[in-house]
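What follows is each chain in one-letter form.
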Amino acid sequence: MIIRIIGQGQFEVNSSLFDDLNKIDNTIVDLIEKGDEDGYKKCLAELIGLIKSEGKKVPDKELIESSIIVPPSDMTLEEARQVFIGDGIFKG
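Draft legend 1. Inspection of the pairing of strand E2 (residues 9-12) at higher detail. Inspection of the sheet shows strand E1 (residues 2-5) paired to E2 by four bridges, in the antiparallel sense. When the bridges of E2 are listed, Ile-5 appears paired with Gly-9. Where E1 folds back onto E2 in an antiparallel hairpin, the turn is made up of three residues, including Gly-7, whose phi is positive at roughly 85 degrees. Alignment of E2 against strand E3 (residues 56-57), held across two bridges, turns out to be antiparallel. In the sheet register, Glu-12 faces E3, and the bridge partner there is Lys-56.

Draft legend 2. View of the environment of Gly-9. Here Gly-9 shows up in strand E2. The spatial distance from the C-alpha of Gly-9 to the C-alpha of Lys-57 is 7.5 Å, given a sequence separation of 48 residues. Setting aside anything within four residues of it in sequence, one finds Gly-9 in contact with Ile-3, Arg-4 and Lys-57.

Cut-offs used in this document
- Residues numbered from 1 in each chain as written.
- Predicted model: local features only at pLDDT ≥ 70, side-chain atom pairs only at ≥ 80, totals over all residues.
- Heavy atoms only, no water.
- Pairing = 2+ DSSP bridges.
- Helix = DSSP H or I, 4+ residues; strand = E, 2+ residues; numbered from the N terminus.
- Contact = heavy atoms within 4.5 Å.

The following block contains the structure:
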């Protein structure tokens, strides 16, 4: 699966990682609902870190449709309320 991290490019990630990413995503949704900005930022950094460490960077010149788009690490809690809703960004 191809995941785009806004501002950092695309990464090809093995679909076996989906469950781990989805768990972090669900935690982010919960933290945003509680208004826990520190926890949200920590989990978003963890999500991005896992994608970057386990994924293979797609060359910038190569344009592939992304399965999932992850917001940048500097997204505010208020902005995140518009993105991480319902099941979050990883539907599953």
